[in-house]
Amino acid sequence: MPLPRLSSSSFLFCSHSLQFQQKTLKPFLITAFSSAARREKKTAPSRRSHTTVSEPKEKSNSPLMDETEKVAFNRKRAEGGDKSSTRTLQLKTRKLNPVNTICYVQILGTGMDTQDTSPSVFLFFDKQRFIFNAGEGLQRFCTEHKIKLSKIDHMFLTRVCSETAGGLPGLLLTLAGIGEEGQSVNVWGPSDIKYLIDAMTTFIPNAAMVHTHKFGSTLNCGEISDKDFKVGPFVLVDDEVVKVSAILLRPGFSNGRQNKTEDCEILNSTDESVSSFCTPLVSCSQNSLGRVKAILKPGDISVIYACELPEIKGKFDPAKAQALGLKAGPKYRELQLGNSVQSDRQNIMVHPSDVLGPSVPGPIVLLVDCPTMAHLQEMLSLESLNDYYVDYGNASQILKSVNCVIHLGPASVTMTGDYEKWMKRFGGAQHIMAGHGVKNMEIPILKSSARIAARLNYLCPQLFPAPGFWPFQPSIGFLRKSVGMNKDCSTTSFESVPAENLLKFHLRPFSQLGLDKSGIPSALTSSHIVTELHSEIPEIGDVSRHVSQFWDASQKADEMTPCKEEHVMMVEEPWMNEAICKDSSNDETFDVSGIQTEHSESESDLPSCLENISREDMEIILLGTGSSQPSKYRNVSSIYINLFSKGSLLLDCGEGTLAQLKRRFGVSGADDAIRGLRCIWISHIHADHHTGLARILSVRSQLWKGTPHEPLIVIGPRQLKRFLDAYSRLEDIDMQFLDCRDTTEAAWGALAARSETGGAANQDFDTSLFVSTKMEKYWKRMPGQVGSLGNFTVLKRLKQVLLEAGLEGLTSFPVVHCPQAFGIVLKAEERINRVGKNIPGWKLVYSGDTRPCQALIDASHGATVLIHEATFEDAMLEEAVAKNHSTTKEAIEVGDAANVYRIILTHFSQRYPKIPVFDETHMPKTCIAFDMMSVNIADLPILPKVLPFLKLLFKNEIVPDESDEAPLAALQQLN
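Just so you know, these numbers come straight off a predicted model, no measurement behind them.

1. Digging into unusual backbone geometry
Right, so step 1: Cis geometry marks the peptide bond from G232 to P233, where omega comes out at 15 degrees.
Right, so step 2: One can find P233 in the loop between β9 (223-225) and β10 (234-238).
Right, so step 3: The omega torsion across R508 and P509 is 0 degrees, close enough to zero to call that bond cis.
Right, so step 4: Inspection of the secondary structure assignment puts P509 in the loop between β21 (504-508) and β22 (514-516).
Right, so step 5: You will see that Q115, though not glycine, has its phi angle at about 55 degrees, which is positive.
Right, so step 6: As for its placement among the helices and strands, Q115 is situated in the loop between β3 (103-108) and β4 (120-125).
Right, so step 7: Residue classification places Q115 among the buried residues on the basis of a relative accessible area of 14%.
Right, so step 8: At Q820, a residue that is not glycine, the phi angle is positive and equals roughly 60 degrees.
Right, so step 9: Summarising the element assignment, Q820 is placed in the loop between β31 (807-814) and β32 (822-828).

2. Some thoughts on the side chain of E144
Right, so step 1: Mapped onto the fold, E144 is located in helix α3 (residues 138-144).
Right, so step 2: Notably, E144 is buried but unbridged: the nearest opposite-charge side chain belongs to K632, and the N-O separation is 5.2 Å.
Right, so step 3: Discounting chain neighbours no more than four positions away, the residues touching E144 are I445, L446, K447, S448 and K632.

3. Here we look at the confidence of the model for the chain
Right, so step 1: Across the chain, the average pLDDT comes to 77, with 71% of residues at 70 or higher.
Right, so step 2: In this model, residues 254-283 is a region of pLDDT below 50 whose contacts with residues beyond four sequence positions or in other chains number 68 contacts.
Right, so step 3: In the predicted structure, residues 470-492 sits below a pLDDT of 50 and forms 46 contacts with residues beyond four places in sequence or in another chain.

4. Remarks on the pattern of salt bridges
Right, so step 1: Using the criterion set out here, one finds 21 salt bridges in the structure.
Right, so step 2: Between D734 and R700 there is a salt bridge, with the nearest N and O atoms lying 3.7 Å from each other. Here the residue D734 occupies a position in the loop between α19 (718-727) and β30 (735-739), and R700 occupies one in helix α18 (residues 693-703), the gap between them amounting to 34 residues.
Right, so step 3: Two residues, E890 and R851, come together in a salt bridge whose shortest N-O distance is 2.6 Å. Of this pair, E890 sits in helix α25 (residues 888-897) while R851 sits in the loop between β35 (843-846) and α23 (854-860); the two residues are 39 residues apart in sequence, bridging distant segments of the chain.
Right, so step 4: In this structure E890 comes out as buried when scored by relative accessible area, which is 3%.
Right, so step 5: Overall, the relative accessible area of 0% leaves R851 in the buried class.
Right, so step 6: A cluster of three or more residues bridged by salt bridges with shared partners is formed by R159, E163 and D369.

5. Overview of the sheet that holds β10
Right, so step 1: Here we have 7 strands laid out as an open sheet, ordered β10-β11-β14-β17-β18-β19-β20, and mixed in their pairing. Looking at which strands have only one partner, the edges of the open sheet turn out to be β10 and β20 (495-498). Here the average twist between neighbouring strands, direction ignored, is 20 degrees.
Right, so step 2: The sheet strands contacting helix α12 (residues 417-424) are β17 (364-368), β18 (404-407), β19 (430-433) and β20, and the helix crosses β18 at an angle near 160 degrees.

6. Side note on the environment of C307
Right, so step 1: With respect to the helices and strands, the residue C307 is situated in strand β14 (residues 302-308).
Right, so step 2: Look at C307 and you get buried, because its relative accessible area is 2%.
Right, so step 3: Separated by 65 residues in sequence, C307 and V242 have C-alpha atoms that sit 6.6 Å apart.
Right, so step 4: Apart from the residues within four sequence positions on either side, C307 is in contact with L123, F132, V242, K243, V244, P363, I364, V365 and L367.

7. Describing helix α17 (residues 667-675)
Right, so step 1: Those residues of α17 that sit buried are G669, A670, D671, A673 and I674.
Right, so step 2: Tucked inside the fold, the buried residues of α17 contact β26 (638-642), β27 (648-653), α16 (657-665), β28 (677-681) and α18.

Conventions and cut-offs
- Residues numbered from 1 in each chain as written.
- Predicted model: local features only at pLDDT ≥ 70, side-chain atom pairs only at ≥ 80, totals over all residues.
- Heavy atoms only, no water.
- Helix = DSSP H or I, 4+ residues; strand = E, 2+ residues; numbered from the N terminus.
- Buried < 20%, exposed > 50% of the residue type's maximum accessible area, 1.4 Å probe, protein only.
- Lys, Arg positive; Asp, Glu negative; His and termini not counted.
- Salt bridge = Lys/Arg side-chain N within 4 Å of Asp/Glu carboxyl O.
- Contact = heavy atoms within 4.5 Å.
- pLDDT = per-residue confidence, 0-100.
- Pairing = 2+ DSSP bridges.
- Axes fitted to C-alpha atoms, helices over the stretch in contact; angles between N-to-C directions.

This is the structure:
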């Protein structure tokens, strides 16, 4: 069959290196055309040119396919040349209503259940929306609670760090992908926001960040004198409906003496000896003139935001207007709007004060982020706050009455006596305590995904353990209604409540001024979810018991299995043995409510590496299984490889990875997991695979602070290093970087050669995957990494780290997706069983994002488990080619061609909200991944048996969601 004619606009490329094994893979020729190609063919039928490339075949270990049996992919995307035309990303323009009918401030409970990020605060007006702080998970939270990000006008950061801004990159990319031209938003932050922007420009288009604004004094190499530090207030927004101003808050310091707070250190040294990147929080230096300067790190500066609504005009008095010679009509309206008018009957000007009653001061809300005791000492003396205190000045002064204060600082600061005395200065203001530690919540913030997790846990707790939420333990300090209970304070009380998810404080209409708890979600219990599940699927109880029998029978078989001699083979599925499993029969299938589970594998199919395998050997925890952007049910890519006592690894680290770890292990358990990380490996530079990395690195640095430890090794594409280098100016991330190219098979060979010879070895990087294209030139012009002394040293350290983790090797290999996209192979060391037999180590392969390609097949040969992306269903082959992703069938065929034992499919398009579309008949050794799914290596023989039961759980929901296809398509173009 001849190759189809393709127009140049379809960007399809057929490579000789993308071949499959003929014996195990059905020949398939991708004849997909993009929509642009089809349109061009209709309008220009005589055109014959195309970009299909056919190269001579090369030698391969597997049989070559027929000349026409080649796999198409988007060459321009693989080479980085498919970027959409430059978007203007215009700001939204709205016609404001000076007389707002509705206005409230609301707590967005991001991080409330996981304590991984700062909560956000939502300020709502009829025609304007503001969000304060954008920690990881904000985008997913807004999707869950139907808060439209496209309506947001301004975003404000109280600090510039991963805790408050970890969700900003993904949010900007999502906005940029909305509509034909994309959208942007005003982003405000103190001067150190510059470092965040510099880091984000390494993977986000500049157009998405042109509306970023900084305020306050610019740090000059981290040093700024006391008199040069401008506190503010800085007016950021001042329109008809609100005035938003910012007051800067820095850590306090003393003149040449140790500060009383343990978070502050004074360094008695010259300027040259003080490094702004190694001080714990803030320090001082004294120059030759004896002038004290503060050494501030980027990220040290915090912000207090004041949101002031205009005053409410007094009631209009028609009688006074008539007495001043005015006729009823438009002039009445002008006076109510605050404009003076000419009297109709008298030669005078009539002013609003002549006809309006007394005005009511506009409501005021303060957002206070005081992160440390060092900041508190400075805040207590801030003169910029004097106008808001009820105990400041004299009776003749007009002071601003604050209605609500939202406290974002941690409980370790806000529960101190000094802080509570300061809170009293706002009189009768309502205080909302929203910082970490104020209220540990076992109520999940993302109820949709929590409901799915509970249902999966009921069906199969072995693969879906219960979430690691901690018990509800309200802090004693916040059970009291006032600070009068504190022995260090006076008996004067004030209103203080712990923040709850979606708690509101109404500002307009004035009649509703105050707290509103009606929108707070109700508690979600597992028992309620299970009851709901039983009413929906009555047979689910029997199904759950049947699934559990797989593990019960397997455990019994292990207990009855003697130590193995070399000639004895372990039965792969011992629960099928008649002597063990009471439910087995002579039939080939076992029927539970119409579910057919076939057992076609033979005993010899069990890999030798699984012989007598321990449950403490390796576990795969899929933290995020979605693509592109977080959704209600699936987070973006992240895989936690648990090696138990030998540590752990992360493969990709999308936004929200930290929160997922805390949902899986609990707060303290997640901290232990992060401490135990051996390395983090990132497949490529697209945002959905690495925007959670900075938060993980920052938290790990804090956890190890003050304890001897080694920097964490991060392996990723070269562009990632530029991001991390730029970001390290903002936060301490304590890592060493290796290019993925440093960990290819060729690079490891160069390391071995260099170790033997003691000299340099040239890295001969194999570019055959990309043929004679721009991609090959791209790889070749990148400098060899192994030849550099620094990377050679890190590579040697990685080798040692792997040995300590029980791994024989970690090898990266190029795949077909975008420039510098990689997959990874992890190979465990051999082990010795109880009778002294050498057992080969397991082999795990992760594809990253890719089209099917020979490099992946070769790397996966004989793998114990292949984790392969399956972004699209089989019917969406054109989209898979255009985006350089794989379909479900293609992923399975890659596994079949490589003769892998088990396949786990992941990275599903968000058009499949709960479960992807798949054909179960082609999946005898395959399973579908879900968020929080935990696959122990000892359970691999059982894994495919569970798939039919998972399908039953979602029998009414295997329907694609087309609602977000347009923004997703635009977002993928930006990526």
